[in-house]
Each structure stands twice: as structure tokens, then as C-alpha cells.
Number of protein chains: 2
Amino acid sequence: MTADPRVRRTKALVHEAAIAVLVEEGFTGVSIESIAQRAGVARTTIYRHWSSPAAIVIDAFDSLSEPFELEPSGDVRTDLVTVLGRLATDLPESRWASVLTALVAAAEHDPELAERKRALAESRRRATMSLIEDAARRGEIRADVDSELVAAMLAGPLFYRRLLTNEPVDRQLVETIVDVVLAGLDHRSAGAARARSAARPRR
Amino acid sequence: MTADPRVRRTKALVHEAAIAVLVEEGFTGVSIESIAQRAGVARTTIYRHWSSPAAIVIDAFDSLSEPFELEPSGDVRTDLVTVLGRLATDLPESRWASVLTALVAAAEHDPELAERKRALAESRRRATMSLIEDAARRGEIRADVDSELVAAMLAGPLFYRRLLTNEPVDRQLVETIVDVVLAGLDHRSAGAARARSAARPRR
DNA sequence: CGACAACGCTACACAGTCGTAGCGTACAAG
DNA sequence: CTTGTACGCTACGACTGTGTAGCGTTGTCG
């Protein structure tokens, strides 16, 4: 976009600083002043590129969204454990998780930030849903599952423990969750009347 | 505690205002000034009772924790649907959910607020866990389930949709989740090796 | 009724952030 | 080399929140 290396350098420094402040102090600590100090950039310089702290932070998020890559193995359980395992690894300590946590609260009062929150979580969610849909297509799981629902049932418990109860999230937990959900979806014999409701028309 | 009705009135007004500001603007909007204005109370009066905005908010939370009551029907599915159904009702619009959301982010940087967050979510969580343990005792579900895990698997997806994806949370969803989880736990035949891992030694 | 306490109000000093302006310096690009 | 631009620095006024002090008024309770 911008050719001048001075501008690119400034923007990179400010983005980095904005995320750092947000992670360490939350939205309360974010101000043009604090970001400028953290970035080692003059406050006036920041005003030349952004109009408000919110604009800086939002701009910084765009330099944070990483495409989520995964090479499918062909087995649902294996792939789901891989994806969720990576989520379990990132949830406790990654910058991504910290930013997402801050956004959860901020999104309540700012539609723009709500959109960024969605964007941050989307790539992983889509990856999970794709795995489920592919497995359904291959016949590994019932063909009529609601992939959004299943994704929520898999990732939900991990976020629940991270955000609400602060319980640890480890690989053992991930495997258990995947197994219970897959078993619950497969169940067609005794409690079939129950499990059947898991199949809902896709919107 | 305090005998003087004037003090009780003031505290009630301030508590109410603090929660209102927190819900409407989040922690960013909370200040002694904003609370005083909202409560219709002089700022100096507030200083006579509290030393900081945080102290006010924390104090206000204590007047917010409601014991969670439930008369068990004896059937796990029925009772779980009731408890989670109430959660589904409260999540989208209750003051409780708004406060909890604000606390999720604030708890990252303030241990005291982390404790209040835990307290706010605890009564419902305990109710859910009790239902599971009772059902296990009665033999309705396998006896060796980890109730904390199951509670996370039931409530997690609801919070996930409310906090992360902003998808609607309705009764139909609740029933589906309960059915899948119960079916997944019951499953002893084909995929037993998988479901078995759901049983973990209680801590 | 009388003593005491809580409250509202005003005022003040202080700190932090905001947003803008001007000027000199350093770097980029033709 | 020369022009243009980005940057750092300083300074300023305005606004908002903080914390304290004093004083008059109102309500409480014995």
C-alpha cells in the first residue's frame, strides 16, 4: 500500500504496541498516549495516521488474522483432535486468545469490534466445520448433522473452561470431548429418538 | 449491617447505578463520576463509602448473586433441559449475562474480579453438576462420569454461541445438546473404547 | 426537642488524555 | 542534489476524572 518505508515502519511499531497494551492491560489501558509510549513513537505521529485509539486497535487486528492451515488425514477423530488440540494449546497463553477475550467484552458495546471478534474466531471455526462436513460426505458420521452445532459442541467446552471456570485445558480433555460428541452423534440404537434431534435442516 | 436508612438507600442507589453503567458501557465507562451521576448521588457521598470504582463494582456484585433454585424431577434429561433452558433464556438479555461478559475480560487482569466472575457462574454450575452426580448415583447414566467435564460440555456450547459467534440460543438447541451428550456418555457398544475415556477419576 | 450523622453543594489542586499547531531534522525518491 | 514528506519535539488549551476540604441542610434516633 504505502511505498515509504518510514510509514510502514511506524505502522508496524504502532500495531505491535497496540496489541501489547491490549493484552497486558485490556481495553481500559488503551489510549493514544499509552500506545505511543509503548511503540517509542511520537504522539503527534500517531495522529497523522489514525483518528482514535479504536481505529488503531481495529487496524492492528487486521495484521493479526492468520489463515488456519490443516492437512486432513482422512479420519475425523484424528483431524478434530488436531484442530481442537491446537486450540487447547493456544487458549491458555497465545496473544490471539488474549485479544479474543478482550474483544468478547468490547463487542457488547461496539458493532465494529464485534465484527473483528467474529473474524478472529472464524478461520478455526470454518476449519472445524469443514472437517465435519467432509466426514459426513464420506459417511464417517451421519450425513445430516448440523456442522455449526457440532463445532459449538466441540469448541464450546474448551472456551467455557478458559473463560468461565479457568480450569486447565489439555489434550486429554480434547480427546474426551471429541469422543463423546462423535459417540453421541453416532448413537442410533437405544437412545435414537434423542440423538435424532441432532440432525437439523441446514439454514 | 448499617442501621441508618439514609446509608442503606445511598448504597442501594449506587449499587444499582454501578451495574447499570457496567452493563451499558462496560468497564471503560465505569468511573466514580459516572456512577454518581447515574445514581443521582453527590460524588463526595460516594467517597464516604468507597475508595475506588473497583470497590463499588465489587461491592455491587455481592448484591447480585442469586441462589439458583431447582426442584428435581427425577429424570436427568428433563432436569438438565430445565437448567440449561433457563441459562438459554438468561444468556441473551439478562443483566446477569451482561455483567458476566464484562467480567470475562476484566478477570484477565484483576484477580479480585476473577473471583467475582467465578462466584457469578458458580451456583448454576453447581446445580448442573449435582444433577449429573445424582443421575449417576441413581444409575440413569454411567456411574463414573466426570461431572465437571459434563457440565462444561453442556453449558460450553451455549456460552460459545453467545460470546463468540453471536448465534441465537433457543430451547431446541438446548434439547439437542443434552441429547447428544447423554447419548455420547451412554454409548458402550461399538465405539465404547472412545466413550470410555469420558470417565475420569474425580479429583 | 436536641445531638449527631449523612447528605448535597461548591470549590480547589492535581493528573492524564485529547487534539492541534509550529518548527527543525532526517530520510526517501526523482 | 533537490524537493517533498515523515518524523520528533515542544507547547498549548480543553476536557474529564480524582481526591480533599468546608459548610449548610436535612433526616435519624434517643
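First, a word on what this report is: a plain description of the structure on this page. Not measured: the values here are computed from a predicted model.

Next up on the list: the protein's contact with DNA strand D. Around DNA strand D there are 25 residues in total, and A:T10, A:T44, A:T45, A:R48 and A:H49 lie nearest to it. Sugar and phosphate atoms constitute 52% of the interface atoms of DNA strand D, taking the interface as everything within 4 Å of the protein. In this structure, B:R6 approaches DNA strand D through a side-chain N or O atom, which is 3.2 Å from a base nitrogen. Secondary structure elements with two or more residues in the surface near DNA strand D: α1 (5-25) and α3 (43-47) of chain A together with α1 (5-25), α2 (32-39) and α3 (43-47) of chain B. Classifying every residue of the surface near DNA strand D by side-chain character gives 8 nonpolar, 8 polar and 9 charged.

Moving on: the nonpolar core. Counting residues in hydrophobic clusters, the biggest one holds 134 residues, and the most contacted among them are A:F159 and B:F159. Leave out the neighbours within four places in its chain, and B:F159 touches A:Y160, A:L164, B:L87, B:L91, B:W96, B:L100 and B:L164.

Taken together, the contacts link 49 residues of chain B with 49 residues of chain A. Taken over both partners, the interface formed by chain B and chain A buries close to 4600 Å², and the fraction arising from carbon and sulfur atoms is 64%. Inspection of the region where chain B meets chain A yields 4 salt bridges. Between B:E108 and A:R162 there is a salt bridge, and its shortest N-O distance comes to 2.8 Å. Run the count over chain B and chain A and you get 11 residue pairs in polar contact (both at pLDDT 80 or more). Elements with a contribution of two residues or more to the side of chain B that touches chain A: α1, α6 (95-106), α7 (111-138), α8 (147-165), α9 (171-186) and α10 (192-195) of chain B. Here the element with the most residues in the side of chain B that touches chain A is α8(B); it accounts for 14 residues. A per-class count over the side of chain B that touches chain A returns 25 nonpolar, 11 polar and 13 charged.

Parameters at a glance
- Residue positions within a chain follow its written sequence, with the count starting from 1.
- Whichever chain is written first is A, and whichever ligand is written first is 1; the rest continue in order.
- Selection of residues for local features in this predicted model requires a pLDDT of at least 70, selection of side-chain atom pairs for listing and counting requires 80 or more, and totals for whole chains, interfaces and linings are taken over all residues.
- Neither water nor hydrogens contribute to the side-chain values; these are computed over all heavy atoms in the structure.
- Proximity is defined per residue: if any heavy atom of the residue lies within 4 Å of a molecule or strand, that residue is considered near it.
- Counted as a polar contact is a pair of N or O atoms within 3.5 Å, where, for protein atoms, one must be capable of donating a hydrogen and the other of accepting one, and residues adjacent in sequence contribute only when both atoms are in side chains.
- Strands are runs of DSSP state E lasting at least 2 residues, helices are runs of H or I lasting at least 4, and numbering of each runs from the N terminus.
- Throughout, the ten residues Ala, Val, Leu, Ile, Met, Phe, Trp, Tyr, Cys and Pro are labelled nonpolar, Asp, Glu, Lys and Arg are labelled charged, and all others, Gly among them, are labelled polar.
- What we call a nonpolar core is a set of buried Ala, Val, Leu, Ile, Met, Phe, Trp, Tyr and Cys residues that are connected through their side-chain atoms within 4.5 Å.
- Three exposure classes are used, based on accessible area relative to the maximum for each residue type with a 1.4 Å probe and protein chains only: buried under 20%, partly exposed in between, and exposed over 50%.
- Contacts are residue-level and defined by heavy atoms, with any inter-residue pair within 4.5 Å sufficient.
- The term buried area refers to how much accessible surface (probe radius 1.4 Å) is lost by two components on association, counted for both of them together.
- Only one rule defines a salt bridge in this text: a Lys or Arg side-chain nitrogen within 4 Å of an Asp or Glu carboxyl oxygen.

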